[in-house]
Amino acid sequence: MLVEYVEAIVYHEDQREGYGAKFEEEVLNVIERIRVFPSSGALVPGYPEDVVVRAFSLRRFRYSLMVVIEGEQPVIYAVVHQHRRPGYWRERLQR
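These numbers come from a predicted model, not from an experiment. (Residues numbered from 1 in each chain as written. Predicted model: local features only at pLDDT ≥ 70, side-chain atom pairs only at ≥ 80, totals over all residues. Heavy atoms only, no water.)

## Notes on the packing of helix H1 (residues 2-15) against helix H2 (residues 19-36)
Pairs of packed helices are described in terms of their axes, by the angle between the two and the distance that separates them. Close contact between H1 and H2 brings their axes to 6 Å; oriented N to C, the two are set at 140 degrees. With respect to H2, the element H1 is oriented oblique. Of H2, the residues touching H1 (which contributes Tyr5, Ala8, Ile9, His12 and Glu13) are Tyr19, Gly20, Ala21, Phe23, Glu24, Val27 and Leu28. Its residues assigned to classes, the contact of H1 with H2 shows eight nonpolar, two polar and two charged. (Axes fitted to C-alpha atoms, helices over the stretch in contact; angles between N-to-C directions. Helix = DSSP H or I, 4+ residues; strand = E, 2+ residues; numbered from the N terminus. Parallel < 35°, antiparallel > 145°, perpendicular 65-115°, else oblique. Contact = heavy atoms within 4.5 Å. Nonpolar A, V, L, I, M, F, W, Y, C, P; charged D, E, K, R; others polar.)

Written as structure tokens, this is what we have:
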């Protein structure tokens, strides 16, 4: 997750000065929303009942944070662009 997050920051900064910081700020805002309201993300179908996966979309960028609720603890598994390589991160959840 960290590598794709940093790559997205660098990409946006390369595209337009200051946008890397805006992207990072947006992600941190979504992380705070996840911390306070972990069940507010959109449910992602296709997993067993005991695996709750939620997508939290960023507002200004076409990215989502893919989160698994493990017990009561949300765990971010991926920072995904909404139009690139759909589902690539799903293999991270194989048990």
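## Remarks on the packing of aromatic side chains
For any two aromatic rings, the description comes down to two numbers: the centre-to-centre distance and the angle of the planes. A full pass over the atoms with the stated rule returns four aromatic pairs. Between Tyr5 and Phe23, the ring centres sit 6.3 Å apart and the planes meet at 35 degrees, which makes this aromatic pair tilted. With a gap of 18 residues between them, Tyr5 in helix H1 and Phe23 in helix H2 connect regions that are remote in the sequence. Between Phe23 and Tyr63, the aromatic rings sit 4.9 Å apart at their centres with planes inclined by 70 degrees, giving edge-to-face as the arrangement. Within this pair, whereas Phe23 is found in helix H2, its partner Tyr63 is found in strand S3 (residues 63-70), the two being separated by 40 residues in sequence. When sorted by exposure, Phe23 lands in the same class as Tyr63, which is buried. (Phe/Tyr/Trp six-rings, centres within 6.5 Å; stacked < 30°, edge-to-face > 60°. Buried < 20%, exposed > 50% of the residue type's maximum accessible area, 1.4 Å probe, protein only.)

## Quick look at the nonpolar core
Residues Phe23, Leu58, Tyr63 and Leu65 are the most contacted members of the largest nonpolar core, which totals 15 residues. Of all the elements in the fold, those that place two or more residues in this core are H1, H2 and S3. With residues up to four places along the chain from it excluded, the contact list for Tyr63 reads Ala8, His12, Phe23, Phe56, Ser57, Leu58, Val79, Val80, His81, Gln82 and Arg84. Counting residues in hydrophobic clusters, the runner-up holds twelve residues, among them Met66, Val68, Val80 and Leu93. (Core = buried A, V, L, I, M, F, W, Y, C linked by side-chain atoms within 4.5 Å.)

## Description of the sheet that holds strand S1 (residues 42-43)
If you trace the four strands from one edge of the open sheet to the other, you get S1-S2-S3-S4, paired in antiparallel fashion. Lying at the two open borders of the sheet, with one neighbouring strand each, are S1 and strand S4 (73-81). For S1 and strand S2 (residues 52-57), the ladder comprises two bridges, and the chain directions are antiparallel. Bridging across to S2, Ala42 finds its partner in Ala55. On top of the sheet, H1 reaches S3 and S4; it is set at about 40 degrees to S4, its chief contact. In the packing of H2 onto the sheet, contacts are made with S2, S3 and S4, and the angle to S3 comes to roughly 30 degrees. (Pairing = 2+ DSSP bridges.)

## Some thoughts on the pairing of S3
As a general feature of sheets, a regular strand has side chains that alternate between the two faces. Across the eight residues of S3, seven count as buried, placing the element largely inside the fold. The pairing of S2 with S3 spans six bridges and is antiparallel. Looking across to S3, one finds that Ser57 is bridged to Ser64. Counting the residues in the hairpin turn of S2 and S3 gives five residues. In this sheet, S4 lies alongside S3 in antiparallel orientation, the contact comprising eight bridges. Bridging from a neighbouring strand, Leu65 pairs with Val79 of S4. The antiparallel pairing of S3 with S4 creates a hairpin that spans two residues between the two strands, and Gly71 there sits at a positive phi of about 70 degrees.

Shape descriptors only; they carry no functional weight alone.
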